[in-house]
Amino acid sequence: MDSLTQEIEVMARKISKIIWFKEKEIQQTRLLSSEKYAKGVIHRLEGDDRLREMLEKEFRDLVRDSTKKEASEIPDYLLCKITFDLMERPAINQSGVTYEREILAKHYGANGEFDPITREKVDGNVMIPNYSIKAATNDFLERYLGPTFA
């Protein structure tokens, strides 16, 4: 595979991730709008306590069900601890923490050779590819975005 094809595939994955995050953001916005509307309707039912209680219960159940953690939510272990983005090229540093390789290299260049989370001194040249996290990321992308993006 030539480098141009590889670069296009990486950009396609990044675009699909952005779309996925934006769709989640839109879902949350719609839920908040629905919540405000429902609270307004319930408030107007001051005189009919039985109907109001029934609607409040249904609304609470609806909100509870919609705010449950979805299966498609990205697991924390797939996110870079610096950027909180899904990792394309995860790498483990000497302190045993996994980060996005390029972000970790930038951190070392800008701030010195220490772990951004643990603050331990490390050798900035030692970044071991984390193939397990890469495989888990690909599995996640394939499951929720389709095989084209994994």
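The structure we're discussing is the one just above.
One structure accompanies this document, and this report is about it. In every chain, residue numbers begin from 1 and rise along the written sequence. Reporting in this predicted model follows two pLDDT cut-offs: at least 70 for local features of residues, and 80 or more for side-chain atom pairs to be given and counted; totals over whole chains, interfaces and linings ignore these cut-offs and use all residues. Hydrogens and waters are ignored; side-chain quantities use all the structure's heavy atoms.

1. Notes on the sheet that holds strand 1 (residues 90-92)
(1) Moving on: Note on pairing: DSSP must find at least two bridges between two strands before they are called paired. Put simply, DSSP H or I for four residues or longer makes a helix, DSSP E for two residues or longer makes a strand, and each gets a number counted from the N terminus. The strand order across the open sheet built from 3 strands is 2-1-3, with neighbouring strands paired in antiparallel fashion. Every interior strand has two partners, whereas the edge strands, strand 2 (98-100) and strand 3 (128-129), have only one.
(2) Moving on: On the sheet, helix 3 (residues 101-111) packs against strand 1, strand 2 and strand 3 and is oriented at approximately 90° with respect to strand 2. Contacts are assigned to residue pairs that have any heavy atoms within 4.5 Å of one another. To obtain an axis, a line is fitted to C-alpha atoms, over the contacting stretch when the element is a helix, and the angle between two such axes runs from 0 to 180 degrees between their N-to-C directions.

2. With respect to the pattern of salt bridges
(1) Moving on: One speaks of a salt bridge when a side-chain nitrogen belonging to Lys or Arg is within 4 Å of a carboxyl oxygen belonging to Asp or Glu. Enumeration according to the criterion identifies 1 salt bridge in this entry.
(2) Moving on: Across the pair E102 and R89 runs a salt bridge, and its minimum N-O distance is 2.3 Å. In this pair, E102 is assigned in helix 3 and R89 in the loop between helix 2 (49-67) and strand 1, connecting sequence segments 13 residues apart.

3. Examining the side chain of R101
(1) Moving on: Here R101 is to be found in helix 3.
(2) Moving on: No salt bridge is formed by the buried R101, whose closest oppositely charged neighbour, E102, lies at an N-O distance of 5.6 Å.
(3) Moving on: Not counting residues up to four positions away in its chain, the partners in contact with R101 are R89, A91, M127, I128 and P129. Throughout this description, buried means an accessible area under 20% of the type-specific maximum (1.4 Å probe, protein chains only), exposed means over 50%, and partly exposed covers the range between. The charged-residue count follows a simple rule in which Lys and Arg add positive charge and Asp and Glu add negative charge, with His and chain termini not counted at all.

4. Digging into the layout of surface pockets
(1) Moving on: Approximately 430 Å³ is the volume found for the largest pocket.
(2) Moving on: Looking at the largest pocket, it is lined by 18 residues, and the ones nearest its centre are K14, K17, L86, E88 and E100.
(3) Moving on: Going through the elements one at a time, helix 1 (3-44) and helix 3 are the ones with two or more residues in the lining of the largest pocket.
(4) Moving on: Tallied by class, residues from the lining of the largest pocket come to 7 nonpolar, 1 polar and 10 charged. Residues are said to line a cavity or pocket when one of their atoms sits within 4 Å of a point; the points come from a 1 Å grid over protein atoms alone, cavities being sets where a 1.4 Å probe fits but cannot get out and pockets being open sets with protein on both sides within 12 Å along at least five of seven lines. Grid points are joined across faces, edges and corners, and a volume is the space filled by probe spheres set on the points. Under the convention adopted here, Pro, Cys and the residues Ala, Val, Leu, Ile, Met, Phe, Trp and Tyr are nonpolar, Asp, Glu, Lys and Arg are charged, and Gly plus all remaining residues are polar.

5. Remarks on a nonpolar patch on the surface
(1) Moving on: Together, M11, I15 and I19 make up an exposed nonpolar region whose accessible area comes to about 280 Å².
(2) Moving on: Topologically, I15 is positioned in helix 1.
(3) Moving on: Classification of I15 as partly exposed rests on a relative accessible area of 47%. Patches in this entry comprise residues that are over 30% relatively accessible and not in a salt bridge; like charges within 9 Å are linked, as are nonpolar side chains (Val, Leu, Ile, Met, Phe, Trp, Tyr) within 5 Å. With residues, only the protein chains shown are counted as cover, and all accessible areas are computed by Shrake-Rupley using a 1.4 Å probe.

6. Some thoughts on the nonpolar core
(1) Moving on: With 17 residues, the main nonpolar core has I74, L78, L86 and F140 as its most contacted residues.
(2) Moving on: Elements with a contribution of two residues or more to this core: helix 3 and helix 4 (131-145).
(3) Moving on: Residue contributions to this core peak at 3 residues, all from helix 4.
(4) Moving on: Beyond its immediate sequence surroundings of up to four residues, L86 is in contact with K17, I74, L78, L79, E100, T137, F140 and L141. Working definition of a nonpolar core: buried Ala, Val, Leu, Ile, Met, Phe, Trp, Tyr and Cys residues. They are joined through side-chain atoms within 4.5 Å.

7. So, the side chain of S95
(1) Moving on: One can find S95 in the loop between strand 1 and strand 2.
(2) Moving on: Nitrogen and oxygen atoms within 3.5 Å of one another constitute a polar contact, given that in protein one can donate a hydrogen and the other can accept it, and given that sequence-neighbouring residues count only through two side-chain atoms. Here D115 takes part through its side chain, which lies 2.5 Å from a polar atom of the side chain of S95.
(3) Moving on: Those residues in contact with S95 that sit more than four places away from it in its chain are D115, T118, E120 and V122.

8. Looking at unusual backbone geometry
(1) Moving on: We note that F84 has phi near 60°; this positive angle belongs to a residue other than glycine.
(2) Moving on: Positionally, F84 belongs in the loop between helix 2 and strand 1.
(3) Moving on: With relative accessibility at 56%, the residue F84 sits in the exposed group.

9. Thoughts on the environment of N130
(1) Moving on: Among the secondary structure elements, N130 is positioned in the loop between strand 3 and helix 4.
(2) Moving on: Of the residues examined, N130 reaches a relative accessible area of 11% and is grouped as buried.
(3) Moving on: For the pair N130 and E100, spaced 30 residues apart in sequence, the C-alpha to C-alpha distance is 9.8 Å.
(4) Moving on: Ignoring any residue separated from it by four or fewer positions in sequence, one finds N130 in contact with P90, A91, I92 and T98.
(5) Moving on: At 2.8 Å, the side chain of N130 forms a polar contact with the side chain of T98.

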